[in-house]
Amino acid sequence: DCIILLVINLRKALAGDDQLEEFLDIIAVHAPENDFLLIGTRADEVPREKDHIRLCNLLEAKYGHRAEWQRIRRNSRGQKIFAVDNTSGGGSSGVAELRKVLLETARSRRSGLMYPVRFLRCLDRVLAEGNQSVMRLSEFYESIAKPCKVVDMNEVKEVIALLHRWGFIVHYTKHVNSEQSTTESIPKYLQSNESGDVTQNEVEEFIVLQPQRVIDAIAQVITIPEYLQKRVVNNQDRMAKYLHTAILADELLQELWKKFTAQEVEVFRFIMQKHYLLTQIRSKEQREYLVPSMLAYEN
């Protein structure tokens, strides 16, 4: 059970390019019982409410016969579109109303599960932790769990699993070579031996407190060539090779990720490898990776 948000561009939708057909098909297959909200962005470009009403009528005529369309929640004016002004931050009436409806919807779908207040205090501390985006498990215990009187390790793991499930953190476990520090080695379990078995005998756990920074890191590596070329100063030759072959040198990766800390670089590199967005290539000269998503841009 979840709250589904469909986002469309108001200006493009008025011009006939709403792209809702595909999304409604996906909802019909994967979430046939869920209600959802339709969010119209770029309200600053389409500010008049009569245009919002006209778009609702157009979409009603186009998709009104579908069961999925009937499950869209209405706003306070009876419209099936929540128009949001992207340029006003959280101050626009559209954003405020959207937040109100989301809160009401979430409350109406409470699962009945109850959690100790100590667990929720851990969430408060996570949200207040603005200076550190990545923590080892031991750091999480000392700075987040222990001050909230969550001291039993089973409870700590339960808190982590809960916050991971809610989407406030991302929790990973990786195998570590006991003979090398993690800052000096790529997670070797991504480089399995000939039998495919994991050869490491230690496990390290870390928590990403700001999942958005993971997305930001990935977007620095997998994006359009024009954007990549503008961001590189010292590794132009390596960038040319990357755009031509999708082979990324570690030196170039370090430059693309220069705004991240050394610990973040280590963790984000591991996450990309874990999800096969980055695969290390064995090379005697330098550490290199294949980025499969960039093969589409091969010249």
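Residues take numbers from 1 onward in each chain, read along the sequence in its written order. Selection of residues for local features in this predicted model requires a pLDDT of at least 70, selection of side-chain atom pairs for listing and counting requires 80 or more, and totals for whole chains, interfaces and linings are taken over all residues. Computation of side-chain values covers all heavy atoms of the structure but excludes hydrogens and water.

> I'm lost on the environment of glycine 40 in this one. Help?
Starting at the N terminus, helices and strands are each numbered in turn, a helix being any DSSP run of H or I of at least four residues and a strand any DSSP run of E of at least two. One can find glycine 40 in strand S2 (residues 36-41). Sequence spacing of glycine 40 and aspartate 85 is 45 residues, and the spatial spacing of their C-alpha atoms is 8.6 Å. Here a residue-residue contact requires only that any non-hydrogen atoms of the pair lie within 4.5 Å. When neighbours within four sequence positions are excluded, glycine 40 is seen to be in contact with Ile8, Leu10, Ile81, Phe82, Ala83 and Val84.

> Explanation requested: the pattern of salt bridges in the structure shown.
Note on definitions: salt bridges are taken to be side-chain nitrogens of Lys or Arg within 4 Å of carboxyl oxygens of Asp or Glu. For the structure on display, the rule yields 17 salt bridges. Arginine 66 serves as the salt-bridge partner of aspartate 25, at 2.9 Å between the closest nitrogen and oxygen. Here arginine 66 lies in the loop between helix H3 (49-63) and helix H4 (67-70) and aspartate 25 lies in helix H2 (residues 20-30), a separation of 41 residues in the sequence. Note on exposure labels: buried denotes an accessible area under 20% of the residue type's maximum, exposed denotes more than 50%, and partly exposed covers the range between, all computed with a 1.4 Å probe on protein chains only. Owing to a relative accessible area of 36%, aspartate 25 belongs among the partly exposed residues under this scheme. You can call arginine 66 buried: its relative accessible area is 10%.

> Would you mind showing me how to read the confidence of the model for the protein here?
Do not read the fine detail of predicted coordinates wherever pLDDT is low. Every residue carries a pLDDT, the predictor's confidence in it, which falls somewhere between 0 and 100. Scored by pLDDT, the protein comes out at a mean of 81, with 83% of its residues at no less than 70. Taken together, the stretch residues 177-202 has pLDDT below 50 and engages in 43 contacts with residues farther than four places along the chain or on a different chain.

> Is there a simple way to think about the nonpolar core in this case?
Considering soluble globular proteins, one finds that nonpolar side chains tend to be buried as a cluster. Counting 31 residues, the largest nonpolar core has Tyr242, Leu248, Trp257 and Phe268 as its most contacted members. Secondary-structure elements contributing two or more residues to this core are strand S5 (170-176), strand S6 (202-208), helix H9 (211-221), helix H11 (236-245), helix H12 (250-256) and helix H13 (262-274). Apart from the residues within four sequence positions on either side, tyrosine 242 is in contact with Val221, Leu228, Ile247, Leu248, Leu252, Val291 and Met294. Within the second largest apolar cluster, 21 residues are counted, among which are Ala31, Phe36, Tyr63 and Ile72. Here, nonpolar core means buried Ala, Val, Leu, Ile, Met, Phe, Trp, Tyr and Cys residues that are tied together by side-chain atoms lying within 4.5 Å of each other.

> So what exactly am I meant to see when it comes to a nonpolar patch on the surface here?
Residues with no salt bridge and a relative accessible area higher than 30% make up the patches, which join like charges within 9 Å and nonpolar side chains (Val, Leu, Ile, Met, Phe, Trp, Tyr) within 5 Å. To be clear on the numbers: accessible area is Shrake-Rupley with a 1.4 Å probe, and residue cover counts the displayed protein chains and nothing else. A grouping of Leu120, Leu127, Trp166 and Phe168 is seen on the molecular surface, where their side chains present a nonpolar patch of about 360 Å² in accessible area. By the element assignment, leucine 127 lies in helix H6 (residues 117-128).

> Help me understand the sheet that holds strand S3 (residues 82-83) in this model?
Neighbouring strands of a sheet are bound in pairs by backbone hydrogen bonds; such pairs are parallel or else antiparallel. Reading across the sheet, the 3 strands line up as S1-S2-S3 and stay open at both edges, with parallel pairing between neighbours. A single partner strand is all that each edge strand has here, and the edge strands are strand S1 (4-9) and S3. With 2 bridges connecting them, S2 and S3 associate as parallel partners. Counterpart to glycine 40 in the pairing with S3 is alanine 83. Axis geometry follows a simple rule: fit a line to the C-alpha atoms, using only the stretch in contact for helices, then measure angles between N-to-C directions, giving values from 0 to 180 degrees. Sheet contacts for H2: S1 and S2; angle to S1, the most-contacted strand, approximately 170°. By definition, two strands form a pair when at least two bridges between them are found by DSSP.

> Just checking my understanding: could you explain the pairing of S2 for this structure?
On any regular strand, side chains alternate: one points to one face of the sheet, the next to the other face. Within S2, 6 of the 6 residues are buried, which leaves the element mostly enclosed by the surrounding structure. Burial along S2 is two-sided: the face carrying Phe36, Leu38 and Gly40 and the face carrying Leu37, Ile39 and Thr41 are both buried. Direction of pairing for S1 relative to S2: parallel, over a ladder of 6 bridges. Directly across from valine 7, in S2, lies its bridge partner isoleucine 39.

> What am I meant to see in the packing of aromatic side chains here?
In this description, an aromatic ring pair is defined by two values, namely the gap between the centres and the angle between the planes. When the centres of two rings from Phe, Tyr and Trp lie within 6.5 Å, Trp using its six-membered ring, the rings pair. Their planes under 30 degrees apart give stacked, over 60 give edge-to-face, and anything left gives tilted. A complete count under the given rule lists 7 aromatic pairs for this structure. Ring plane angle 90° and centroid distance 6.3 Å describe the contact between tryptophan 257 and phenylalanine 260, whose orientation is recorded as edge-to-face. Under the relative-accessibility criterion, tryptophan 257 is labelled buried at 1%. Grouped by ring-pair contacts, the aromatic residues Tyr115, Trp166 and Phe168 constitute a single cluster.

> Quick question: what am I supposed to make of the packing of H9 against H13 here?
Between H9 and H13, the shortest axis-to-axis distance is 10 Å and the interhelical angle comes to 75°. Taken together, the axes of H9 and H13 are roughly perpendicular relative to one another. Contacts between H9 and H13 involve Arg213, Val214, Ala217, Ile218 and Val221 from the first element and Glu264, Phe268, Ile271 and Met272 from the second. Each angle is binned into one of four classes, with values under 35 degrees roughly parallel, values over 145 roughly antiparallel, values of 65 to 115 roughly perpendicular, and all other values oblique.

> Whenever I open this one, the sheet that holds strand S8 (residues 279-281) confuses me. Can you help?
The antiparallel open sheet is built from 3 strands, whose spatial order is S7-S9-S8. Edge positions in the sheet fall to strand S7 (247-249) and S8, since each has one partner strand and no second. The average angle at which neighbouring strand axes cross in this sheet is 40°, direction not considered. Packed on one face of the sheet, H11 meets S7 and strand S9 (288-290) and runs near 155° to S7.

> Help me out: how do you make sense of the packing of H6 against helix H7 (residues 137-145) in this one?
If you want to describe how two helices pack, look at the angle between their axes and the distance between the axes. Taken N-terminus to C-terminus, the directions of H6 and H7 make an angle of 105°; their axes are 10 Å apart at the nearest point. The orientation of H6 with respect to H7, classified from their angle, is roughly perpendicular. Contacts from Cys122, Arg125 and Val126 of H6 reach H7 at Phe140, Ser143, Ile144 and Ala145. Here the nonpolar group is Ala, Val, Leu, Ile, Met, Phe, Trp, Tyr, Cys and Pro; Asp, Glu, Lys and Arg are the charged ones; every other residue, Gly included, is treated as polar. Classifying every residue of the contact of H6 with H7 gives 5 nonpolar, 1 polar and 1 charged.

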